[in-house]
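Summary of the model geometry
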Amino acid sequence: MDNQNNKNNPNNNRQGWGIILVTTLLVTFMVMGFYSLMSGAGPEEISYDKFLDMVDDKKVAEVSLSSNRIYITLTDEARRKEAQENGSDSMNSVINQIWGQTGTGGSRDSSPDYYTAYVNDDTLVERLYESGAEFKGEVPDTMGQMFFELFVTLVLPIGLMALVLSYFIRKMSKGGGMMGVGKSNAKMYMEKETGVTFQDVAGEDEAKESLQEVVDFLHNPGRYSGIGAKLPKGALLVGPPGTGKTLLAKAVAGEAKVPFFSLSGSAFVEMYVGVGASRVRDLFKQAQQQAPCIVFIDEIDAIGKTRDTVMGGNDEREQTLNQLLAEMDGFDTNKGLLILAATNRPEILDPALLRPGRFDRRIIVDKPDLKGRIDILKVHAKDVRMDESVDLEAIALATSGAVGSDLANMINEAAINAVKHGRQVVSQKDLFEAVEVVLVGKEKKDRIMSKEERRIVSYHEVGHALVTALQKNTEPVQKITIVPRTMGALGYVMQTPEEEKFLNTKKELEAMIVVALGGRAAEELVFDTVTTGAANDIEQATKIARTMITQYGMSERFGLMGLESIQNKYLDGRAVLNCGDATAGEIDEEVMRMLKSAYAEAKRLLGENREALDKIADFLIEKETITGKEFMKIFREVKGLPEPEEDAQEKVEERIAMKPLEEADQ
Ligand code: ADP
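Residues numbered from 1 in each chain as written. Predicted model: local features only at pLDDT ≥ 70, side-chain atom pairs only at ≥ 80, totals over all residues. Heavy atoms only, no water.

Section: the site of the ligand
Surveying the vicinity of the ligand reveals 15 residues, the closest of which are Ala202, Gly242, Lys245, Thr246 and His380. Take Gly244: an N or O atom from its main chain is 3.1 Å from an oxygen atom of the ligand. The contact in question runs from an oxygen atom of the ligand to an N or O atom on the backbone of Leu247, over 3.0 Å. Summarising the interface, the protein chains cover 78% of the accessible area of the ligand, which totals 550 Å² for the free molecule. Going through the elements one at a time, α9 (245-256), α13 (370-381) and α15 (404-420) are the ones with two or more residues in the shell around the ligand. Broken down by element, the residue count for the shell around the ligand peaks at 3 residues, all from α9. (Near = heavy atom within 4 Å. Polar contact = N/O pair within 3.5 Å; in protein donor to acceptor, adjacent residues only side chain to side chain. Areas by Shrake-Rupley, 256 points an atom, 1.4 Å probe, with all protein chains shown as cover. Helix = DSSP H or I, 4+ residues; strand = E, 2+ residues; numbered from the N terminus.)

And the structure:
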């Protein structure tokens, strides 16, 4: 928003600096010029010998001594003589003559004509007495010298200091530091019209429904207040990052056709106590002037963290929060001012913020489900040219867990990829590559693996895939590859569900653990040794086993006891143990037992199917990337299984459309 006054206008600032610089330079030149003129008109240096001669010839009227020089003033007669000898062009004598005429009280000029270096000469005093020259101890500096010294020792340093100081003061006040108290310099953005509508937000139907009401109230506040209804002051949008909270807030403003102010909660909190509070005051003042409007505070947890912390509070944040609460209580809703705030950590918010009359509406903006993802993909695909191979549903199916910003990003990546390959339209292959880039990073073509390493990676990946195919309750394999990726994977198996699942059975989770350990089992079985390549798998398997025990009540040992609770659901979903140390130890034992038995199962399955393992691994080494279909073909051949009419595996692969992938590769 445009709340810059003239003082903060960068152009004005630049001009001011220019003027200061030019003035400083001018003054410097003037002083130096004056000084050089003065020093040009000053005494001339002569040798000591010549000086003694002058003394002896009684030409010297006056002598003055400084620490290292002797200044000599000639008698009037001697001066005249010299002037005649040198001619009237001598600058020195001209000035001396002028000075002589204008000197104090019209008397003779007493400024020295010559100077010579001081020599330790005992006879000098006597000689001077004899010649009748007057004798002075200390010589005063010439005017130019005085000026110059004054400038160098006093004016220049003070001037420079003033410049530096004023620079820092300006900088501080701009950053909202000490000098900025009382003025909101926080980055606040204002859009008169966001141009975003609810149609641009896909898949968040419940959230949109709740907000629709708010839009209506902004449209005609009178209708609500007329009947005596209290209007909502604020709504809190809660959900993981990238799910479209900001987009929704903008859509509310867009739908209601009111201005949209946005700023981040962290912009309030400063080093100096009181700045945040004054910013809040300022924000509300401005917003009320602009009402009806929407104010959107992103990351409200930065100021809204609960106040009664054990470690002692943060004064600045508490003051800011108190001010926010006071302002929210104070403003008049009838004007049509609505505060929307977003957070992904609702559990840490101060309860006072959530009381009626403040952010009393909580709108959940969660990760989209399959339909939501399809809709989001459609919204973003609208402006991108796509060919007929594109099946957004298949992409949505393969991107379980992705949020709106991921999906928007994938579409864009796909478009960029198409352009990179000189194509005019985006194909399913581009989209699929984009999905992989988001999931596992880009292909790392420059990584050269040794032959042996490629063999190990190949067996490892086929181990996963084979264990998947040999078990029930698993998702079909869609692709196996040993092309390394930038996010660290040396190879991977991609599995795609046939349909979106909201629940997992115990059997499915157990099968997942076996699949995760299938890679390591293959390594041990074939090479009789193990590598570091299974670190990720082990972590994943352990996590599943642990959650089964502590959260899902799926272990016999602990039954239905809830042993862990999730801390921040919308971020990393970290879990905290709710049990005693002894139980924690027992949980670890149980996890170990589950992992051991799953590993044994993986080894058994692979051992019994060694021929398939070898054949598929060889094929993968040769091809680097194979489709689920190719994998299943070899698997069936080895096992002597009939080709199915159309199994689930095929269905998925058709939809994911690996065909264009192969065609495009040729
Ligand atoms: P948040 O505020 O929740 O972190 P944003 O609103 O900033 O997320 O979303 C970032 C971008 O992701 C948006 O600009 C939009 O392009 C895309 N996006 C996120 N969610 C959706 C959605 N539900 N529908 C359409 N696009 C979305």
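Alright, that's what it looks like, and here's the rest.
Looking at the packing of aromatic side chains
The geometry of two aromatic rings is summed up by the distance between their centres and the angle between their planes. Here the structure, examined in full by the defined rule, presents 5 aromatic pairs. Between Tyr71 and Tyr115, the ring centres sit 5.9 Å apart and the planes meet at 45°, which makes this aromatic pair tilted. You can see Tyr71 sitting in strand β3 (residues 69-74) and its partner Tyr115 sitting in strand β4 (residues 114-117), a full 44 residues away along the chain. Looking at Tyr115, the relative accessible area reads 14%, which means it is buried. Between Tyr459 and Phe527, the ring centres sit 5.6 Å apart and the planes meet at 90°, which makes this aromatic pair edge-to-face. Taken together, the residues Tyr459 in helix α17 (residues 451-470) and Phe527 in helix α18 (residues 506-527) connect sequence positions 68 residues apart. We classify Tyr459 as buried; its relative accessible area is 4%. For Phe527, a relative accessible area of 17% translates into the label buried. When the ring centre of Tyr115 is taken as origin, the NZ or CZ atom of Arg69, which lies over that ring, is 4.1 Å away. (Phe/Tyr/Trp six-rings, centres within 6.5 Å; stacked < 30°, edge-to-face > 60°. Buried < 20%, exposed > 50% of the residue type's maximum accessible area, 1.4 Å probe, protein only. Lys NZ or Arg CZ within 6 Å of the ring centre and 35° of its normal.)

Let's talk about the sheet that holds strand β12 (residues 477-481)
Pairing is antiparallel across the open sheet formed by 3 strands, whose spatial order is β13-β12-β16. Strands at the two margins of the open sheet, each flanked by one partner only, are β13 (492-495) and β16 (625-627). Neighbour-to-neighbour, the strand axes of the sheet open up by a mean angle of 15°, direction not taken into account. Note that β12 and β13 share 4 bridges and pair antiparallel. For Val477, the partnering residue across the bridge sits in β13 and is Gln495. (Pairing = 2+ DSSP bridges. Axes fitted to C-alpha atoms, helices over the stretch in contact; angles between N-to-C directions.)

So, α18
In this model α18 runs 32 Å from its N-terminal to its C-terminal C-alpha over 22 residues, within 8% of the 32 Å that 1.5 Å per residue would give. Bending of α18 peaks at approximately 40° at the position of Gly518. Directly after α18, the chain includes Asp528, whose backbone phi takes a positive value near 60°. (Expected span 1.5 Å × (residues − 1). Bend = angle between axes of the 7 residues up to and from the residue.)

Details of the side chain of Lys233
Examined against the element boundaries, Lys233 turns out to sit in the loop between α8 (221-227) and β7 (234-238). Among the polar contacts listed, one links the side chain of Lys233 to the backbone oxygen of Met328, at a separation of 2.7 Å. Sequence-distant contacts of Lys233, defined by excluding residues within four places in its chain, comprise Met328, Asp329, Gly330, Phe331, Thr333, Leu337, Leu338, Ile339, Gly357 and Arg358. (Contact = heavy atoms within 4.5 Å.)

Considering the sheet that holds strand β5 (residues 134-136)
Either a parallel or an antiparallel arrangement is found when strands of a sheet pair, and the pairing is made through backbone hydrogen bonds. The strand order across the open sheet built from 5 strands is β1-β4-β3-β2-β5, with neighbouring strands paired in mixed fashion. Either end of the sheet is taken by a strand with one partner, and the two such strands are β1 (44-45) and β5. Looking at chain direction, strand β2 (residues 60-65) and β3 are connected through 5 bridges and run antiparallel. Bridging across to β3, Glu62 finds its partner in Thr73. Along the sheet face, helix α3 (residues 76-86) touches β3 and β4 and points at about 85° away from the line of β3.

With respect to the packing of α15 against helix α16 (residues 428-440)
Contact geometry of α15 with α16 gives a least axis separation of 8 Å together with a crossing angle of 125°. For the element pair α15 / α16, the angle class is oblique. Between α15 and α16 lies a crossing whose hand is right-handed. Of α16, the residues touching α15 (which contributes Met410, Ile411, Glu413, Ala414, Asn417 and Ala418) are Asp430, Leu431, Glu433, Ala434, Val435, Val437 and Val438. Residue classes in the contact of α15 with α16 are distributed as 9 nonpolar, 1 polar and 3 charged. (Parallel < 35°, antiparallel > 145°, perpendicular 65-115°, else oblique. Left-handed = near helix turned anticlockwise from the far one by under 90°. Nonpolar A, V, L, I, M, F, W, Y, C, P; charged D, E, K, R; others polar.)

Things to note about the pairing of strand β9 (residues 293-298)
When you tally the buried positions in β9, you get 5 out of 6 residues, the bulk of the element. Looking at chain direction, strand β8 (residues 260-264) and β9 are connected through 5 bridges and run parallel. Bridge pairing in β9 links Ser264 to Asp298. Sheet topology places β9 next to strand β10 (residues 337-343); 5 bridges connect them, and they run parallel. Each residue of the ladder has a partner; that of Ile294, found in β10, is Leu338.

Re the pairing of β8
Among the 5 residues of β8, 5 are classified as buried, and the element is accordingly described as predominantly covered. Residues of β8 alternate between two faces, with Phe260, Ser262 and Ser264 on one and Phe261 and Leu263 on the opposite face, all of them buried.

Some points on the pattern of salt bridges
Under the criterion given, the structure shown has 23 salt bridges. Residue Lys479 pairs with Glu436 through a salt bridge whose shortest N-O separation is 2.6 Å. Here Lys479 is found in strand β12, whereas its partner Glu436 is found in helix α16, with 43 residues between them in sequence. An identical accessibility class is assigned to Lys479 and Glu436; each is buried. Across the pair Lys633 and Glu637 runs a salt bridge, and its minimum N-O distance is 3.8 Å. In this pair, Lys633 and Glu637 are both assigned in helix α22 (residues 628-639), 4 residues apart and thus about one turn of the helix distant. When salt bridges with common partners are traced through the structure, they connect Arg557, Glu586, Glu589, Glu590 and Arg593 into a single cluster. (Salt bridge = Lys/Arg side-chain N within 4 Å of Asp/Glu carboxyl O.)

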